[in-house]
Amino acid sequence: MSRRSGAVALIVTAATAAILGLSGCTPQPVFPHNRCGGTSSSERDDKGSSTGNTELKASGPITQPTKEGTTTFTSPFGPRWGTEHKGVDFAGPVGTPIYAALDGVAVKAGLASGFGNWIVLDSLVDGKPVSTVYGHMFDDGVLVTEGQQIKAGDHIANIGNNGQSTGAHLHFEYWDGGRLQGGTAVDPMTKLVGAPSPAGEASSDSPAIELAASSSSIDCAGFGVEGGGDLKAGSVPPEMEPWFRKAGSLCPQIKPSLLAADAKAESGLVRGLTSESGAKGITQFMDPTFASYGQDDDRNGRISIHDDGDAIMAQGRYFCTIAAQLDGWIADGSVKGDPKSLYIASYNAGEGAVKNAGGMPSGGDYTTQTQPYVAKVLAYEAEFAAPGGSGELVVSPGSASGSQVVEAARQFLGTPYVWGGGNINGTTGGGFDCSGLTSYAIYTGTGNKITLPRTSEQQWKVGVEIPIDQAQAGDLVFGSWAGTGPGHVGIAIGEGQMIHAPTTGDVVKQAPLQSDMKARRVL
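## Considerations on the overall build of the chain
From N to C terminus, the chain includes 13 helices and 20 strands. Counting all 523 residues of the chain, 53% fall into the buried class. Of all intrachain contacts in the chain linking residues separated by at least 6 positions in sequence, the fraction that spans at least 24 positions is 63%. Approximately 21,300 Å² of the chain is accessible, and the part contributed by carbon and sulfur atoms is 53%.

Structural data, given as structure tokens:
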């Protein structure tokens, strides 16, 4: 059926088995883990040319993110409302300019959970990776694009009042080690002491700050490359990790986590496989399709579907080609549906199948193979997505508090109700049902310590029952009782209120407790 991979059943050919028997894979380039940036001798080919571009230049001095007199410092770093405030707030009128604090590259610029919109700027400070984060802008207040080179003092955004915001302000964070690389949030005010007010827009003849090379992003788990940080460290074999990060930075629609999930669906991330129809490698390309998208990305002198780099980069190129084509059809109205789901369907069945169907193809093999394939890839993606890569709450492992549980749920206010949607990793199918939301909030709010069973009836058996009038932030509240138990569950936030995913056609919202509700404490 698929113009790319054909049948799903896999066999190992004698030739590929021989390769696996010798080394487990074809020779892979060595990516040194020295520091972000720089090119080592192991990254050069036998002609002495570098496999990367130029090194990410060290940032100059930090500057204030807003001009003096335009904003007021309103909220410090540290404990706040029972959670950790990982940045500082500067209040000012909507539209007040926000400036880059450091030189670097914008690796995130757009929608983010809790922030409304955010910008994540990766920089090198004293030879070490640092990210600065700017949040709560409206859509028209984000003035840069992902991958754009930025200089300290550039006007990158305007203050808004978007996301989980109680008034117009800039939320500003400073992360040692990188925001998307599992770094550490530090008090930005310790870095901004004595920093000058931004001068404003840099002149056109200002020296450009060079972007990180591919080697720089690989050395630091995607640091410095848009999309490169969206892969959970250690979620794929180490030889494949740099290639998924690099391939996932080729276009904004396709992230490393999606490519890894698709490769798992195709081959289980096992090398050397060939299907009965002739599809090959970890990405299961047919020879004609691989010939169109494969290149000698690992620079070993050959183009091979059995080389990790060549296979994964071809996968990224093909997905990006699909995304560009599908986005055009969605824009002109000839195709409708969730873009990511349609990208995956096209990768499996071909763009023509999606175009002819005007959306998700159905009937025959499309129903029995393509649609389950899409669902499988979407389900797998959560395994590979970096925590907090879309702005979600990230708490310290093993920590737990009711307020963190509430905060984890609150960041998804307005998310559509999807029956069966959601799990400990976040939304699935574009949303949550009631117990999917509570599963995520409890797991995240306890620092990945408590995993609830999936249904409201099963969750009722966890913890201890408490009087409903004693329900506190983070307790579970249950209602819609039947013979099998509660048909609904939400998260108490105090003062007779809860956050819940109500029903089909509705969204995650804050609401009063229902009259028949009972409460259980699971923390």
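Still to come is the rest of the account.
## Considerations on the packing of aromatic side chains
Scanning the model with the defined rule gives 14 aromatic pairs in all. Ring plane angle 40 degrees and centroid distance 4.9 Å describe the contact between Y293 and Y318, whose orientation is recorded as tilted. With Y293 in helix 6 (residues 287-293) and Y318 in helix 7 (residues 308-332), the pair connects residues that are 25 residues apart, well separated along the chain. Pair check on accessibility: Y293 and Y318 agree, each one buried. Relative to Y440, the ring of F412 has its centre 5.3 Å away and its plane inclined at 90 degrees; by these criteria the two rings are edge-to-face. Remark: Y440 occurs in helix 12 (residues 434-445) and F412 occurs in the loop between helix 11 (402-410) and helix 12; sequence separation between them is 28 residues. When its relative accessible area of 10% is taken as the criterion, F412 is described as buried. For Y440, a relative accessible area of 4% corresponds to the buried category.

## A word on unusual backbone geometry
Residues apart from glycine generally show negative phi values, whereas peptide bonds are mostly found in trans. Phi angles above zero are rare outside glycine, and R299 is one such case at about 55 degrees. The backbone of S480 shows a phi angle near 55 degrees, a positive value even though the residue is not glycine. Tracing the sequence through the fold places S480 in strand 16 (residues 476-482).

## Description of the state of the cysteines
In this structure the tally under the stated criterion is one disulfide. In this model, C251 is linked to C320 through a disulfide, with the two sulfur atoms separated by 2.1 Å. The disulfide joining C251 to C320 has a torsion of about -90 degrees about its S-S bond and is therefore left-handed. Here C251 is found in the loop between helix 4 (241-247) and helix 5 (256-267), whereas its partner C320 is found in helix 7, with 69 residues between them in sequence. Both residues of the pair, C251 and C320, count as buried.

## Notes on the side chain of N162
One can find N162 in the loop between strand 11 (155-158) and strand 12 (169-176). There is a polar contact of 3.0 Å between the side chain of N162 and the backbone oxygen of M137. Non-local contacts of N162, meaning those with residues more than four positions away in its chain, are made with G114, F115, G116, N117, H136, M137, F138 and D139.

## Topic: the pattern of salt bridges
Here the structure, examined in full by the defined rule, presents 13 salt bridges. E241 is paired through a salt bridge with R245; the nearest N and O atoms lie 2.8 Å apart. On the criterion of helical spacing, the pair formed by E241 and R245 is a turn pair, its members being four residues apart in helix 4. Like E241, the residue R245 is buried in the burial classification. Among the ionic contacts, a cluster of salt bridges with common partners joins E239, R271 and D308.

## Digging into the sheet that holds strand 16
Strands sit in the order 15-20-16-17-18-19 across an open sheet of six strands; the sheet is antiparallel. Each having just a single partner strand, strand 15 (464-466) and strand 19 (509-512) make up the two edges of the open sheet. This sheet shows a mean twist of 45 degrees between the axes of neighbouring strands, independent of strand direction. Where strand 17 (residues 485-494) and strand 18 (residues 497-500) come together, three bridges link them in antiparallel fashion. Of the residues in strand 18, the one forming a bridge with G494 is Q497.

## A short note on the nonpolar core
Judged by nonpolar contacts, the single largest core of 42 residues is most densely connected at F244, I254, F319 and L326. Listing elements by their share of this core, those giving two or more residues are helix 4, helix 5, helix 6, helix 7, helix 8 (339-349) and helix 10 (365-384). No other element matches the eleven residues that helix 7 contributes to this core. Those residues in contact with F319 that lie beyond four places of it in its chain are I254, L258, L259, D262, Y343, I344 and Y347. Ranked by size, the runner-up nonpolar core spans 26 residues in total, among them I119, Y134, I156 and Y174.

## Some points on helix 8
Counting buried positions along helix 8 gives nine out of eleven residues, so the element sits mostly inside the fold. Buried within helix 8 we find S341, L342, Y343, I344, A345, S346, Y347, N348 and A349. Looking at the residues trailing helix 8, positive phi occurs at G350, about 100 degrees.

## Re helix 12
Think of an α-helix as 3.6 residues a turn; residues three or four steps apart then line up on the same face. The end-to-end C-alpha distance of helix 12, which contains twelve residues, comes to 16 Å, matching closely the 16 Å that a straight helix rising 1.5 Å per residue would cover. Among the twelve residues in helix 12, twelve count as buried, and that is most of the element. Restricting attention to buried positions, one finds in helix 12 the residues C434, S435, G436, L437, T438, S439, Y440, A441, I442, Y443, T444 and G445.

## A closer look at the confidence of the model for the chain
Residue-level pLDDT values for the chain average 83, and 82% of them are 70 or greater. Here residues 5-55 scores under 50 on pLDDT; set against residues more than four positions off or in separate chains, the count is 100 contacts.

Rules behind the numbers
- Residues numbered from 1 in each chain as written.
- Predicted model: local features only at pLDDT ≥ 70, side-chain atom pairs only at ≥ 80, totals over all residues.
- Heavy atoms only, no water.
- Helix = DSSP H or I, 4+ residues; strand = E, 2+ residues; numbered from the N terminus.
- Buried < 20%, exposed > 50% of the residue type's maximum accessible area, 1.4 Å probe, protein only.
- Contact = heavy atoms within 4.5 Å.
- Areas by Shrake-Rupley, 256 points an atom, 1.4 Å probe, with all protein chains shown as cover.
- Phe/Tyr/Trp six-rings, centres within 6.5 Å; stacked < 30°, edge-to-face > 60°.
- Disulfide = S-S within 2.5 Å.
- Polar contact = N/O pair within 3.5 Å; in protein donor to acceptor, adjacent residues only side chain to side chain.
- Salt bridge = Lys/Arg side-chain N within 4 Å of Asp/Glu carboxyl O.
- Pairing = 2+ DSSP bridges.
- Axes fitted to C-alpha atoms, helices over the stretch in contact; angles between N-to-C directions.
- Core = buried A, V, L, I, M, F, W, Y, C linked by side-chain atoms within 4.5 Å.
- Expected span 1.5 Å × (residues − 1).
- pLDDT = per-residue confidence, 0-100.

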